[in-house]
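# Structure at a glance
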Amino acid sequence: MTSSITVPRGAGDGGAVRVRRATARDAKRLTRLVCTSRAYEAPYASMVAGYRVGPDYIEAHRVFVAVDADDLVLGFYALTLVPPELDLMFVADAAQGLGIGRLLVTHMKDEARAAGLASVRVVSHPPAEGFYRSTGAVRTGTAAAAPPAVMWDRPELEFPIG
């Protein structure tokens, strides 16, 4: 399943963005995107310190990447089927506000529907809760802090898949 949008100049070449299945060759670029995300600076830095999206993770999960015409990574997500969960979702800092996140959520919902899932859980980074809610997720609770890596409670949400 491939989805695409056209983004304004400033992200890659300003042309079409497509979502494709990630490959093992994408691992280093996805890791870099996670580890350099401004969303995980200051108090949130410990969560991604030393984090790695390895080729084995990409092979074992449904990982999809949004790329421009030059194959520049603009964002990615990982969907696990058992249990149904949006495990990772990141959009490159330079691509924030261009619709990449919404494209990825739409793609994830399509993948979940095709897999026969009724809903997809997401434990959100606290500042991202508003984004997830704006794309159809419903707050279901709170995931407690898990020190030492995660020192804060996180919103727990669910995407109904219809």
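Residues numbered from 1 in each chain as written. Predicted model: local features only at pLDDT ≥ 70, side-chain atom pairs only at ≥ 80, totals over all residues. Heavy atoms only, no water.

### Thoughts on the overall build of the chain
Scanning the chain for helices and strands turns up 5 helices and 8 strands. Helices (α) and strands (β) of the chain occur, in sequence order from the N terminus, as β-β-α-α-α-β-β-β-α-β-α-β-β. In terms of overall size, the chain behaves like a compact globule, its C-alpha atoms giving a radius of gyration of 15 Å where 162 residues would be expected to give roughly 15 Å. Across its three principal directions, the C-alpha atoms of the chain cover 40 × 35 × 30 Å. By residue count, 45% of the 162 residues in the chain fall in the buried class. Long-range pairs, those at least 24 residues apart, make up 61% of the contacts in the chain between residues at least 6 apart in sequence. Of the roughly 8,000 Å² of accessible surface on the chain, 53% is carried by carbon and sulfur atoms. Positive and negative side-chain charges in the chain, numbering 18 and 17 respectively, have mean positions lying 2 Å apart. (Helix = DSSP H or I, 4+ residues; strand = E, 2+ residues; numbered from the N terminus. Rg over C-alpha atoms; globule rule 2.2 N^0.38 Å. Buried < 20%, exposed > 50% of the residue type's maximum accessible area, 1.4 Å probe, protein only. Contact = heavy atoms within 4.5 Å. Areas by Shrake-Rupley, 256 points an atom, 1.4 Å probe, with all protein chains shown as cover. Lys, Arg positive; Asp, Glu negative; His and termini not counted. Charge placed at Lys NZ, Arg CZ, Asp CG, Glu CD.)

### Focus on the pairing of strand 8 (residues 154-160)
Both faces of the sheet carry side chains from a regular strand, because those side chains alternate between them. Of all 7 residues that make up strand 8, 5 are buried, and the element is covered over most of its length. Here 5 bridges tie strand 6 (residues 119-123) to strand 8, and the two strands are oriented antiparallel to one another. Paired with Ser119 across the bridge in strand 8 is Pro160. (Pairing = 2+ DSSP bridges.)

### Section: the layout of surface pockets
Picture a little ball the size of a water molecule; that probe, rolled over the atoms, points out where space is still empty. When its volume is computed, the largest pocket comes out at roughly 800 Å³. Lining the largest pocket are 35 residues, and of these Tyr40, Met89, His125, Ala128 and Tyr132 sit closest to its centre. With 7 residues, strand 5 (residues 85-91) is the largest single contributor of residues to the lining of the largest pocket. Across the lining of the largest pocket, the residue classes tally to 22 nonpolar, 7 polar and 6 charged. (1 Å grid on protein atoms, 1.4 Å probe; cavity = no way out; pocket = protein on both sides within 12 Å on 5 of 7 lines; lining within 4 Å. Points joined across faces, edges and corners; volume = space filled by probe spheres on them. Nonpolar A, V, L, I, M, F, W, Y, C, P; charged D, E, K, R; others polar.)

### A short note on the pattern of salt bridges
Close approach of charged atoms allows side chains of opposite charge to pair. As enumerated under the stated definition, the model contains 10 salt bridges in all. A salt bridge links Asp71 to Arg29; the shortest N-O distance between them is 3.1 Å. Remark: Arg29 occurs in helix 1 (residues 27-35) and Asp71 occurs in the loop between strand 3 (62-67) and strand 4 (73-80); sequence separation between them is 42 residues. When its relative accessible area of 26% is taken as the criterion, Arg29 is described as partly exposed. A salt bridge links Glu156 to Arg121; the shortest N-O distance between them is 2.7 Å. Here Glu156, found in strand 8, pairs with Arg121, found in strand 6; they are 35 residues apart in sequence, far enough to count as distant. (Salt bridge = Lys/Arg side-chain N within 4 Å of Asp/Glu carboxyl O.)

### Comments concerning helix 1
Of the residues making up helix 1, those classed as buried are Ala27, Leu30, Thr31, Leu33 and Val34. Buried residues of helix 1 fall within an arc of 160° about the axis and therefore sit on the same side. (Arc of directions from axis to C-beta.)

### Quick word on unusual backbone geometry
Looking along the chain, the bond that leaves Val82 and enters Pro83 is cis, with omega of -5°. Considering the arrangement of structural elements, one finds Pro83 in the loop between strand 4 and strand 5. A cis geometry characterises the amide bond from Pro147 onward to Pro148, with omega recorded as 10°. Backbone geometry at Asp71 places phi at a positive 65°, although glycine is not the residue there.

### Some details on the side chain of Asp26
Position of Asp26 relative to the elements: it lies in the loop between strand 2 (16-21) and helix 1. Reaching out from Asp26, the side chain makes a polar contact with the side chain of Arg29 at a distance of 2.8 Å. Apart from residues lying up to four places away in sequence, Asp26 is in contact with Arg20, Arg21, Ile58 and Val65. (Polar contact = N/O pair within 3.5 Å; in protein donor to acceptor, adjacent residues only side chain to side chain.)

### Re the nonpolar core
For soluble globular proteins, the rule of thumb is that nonpolar side chains tend to be buried together. Counting 45 residues, the largest nonpolar core has Leu30, Phe76, Leu86, Val120 and Phe159 as its most contacted members. In this structure Leu86 touches Tyr77, Ala78, Met108, Val120, Arg121, Val122, Tyr132 and Phe159, once residues within four positions along its chain are discounted. (Core = buried A, V, L, I, M, F, W, Y, C linked by side-chain atoms within 4.5 Å.)

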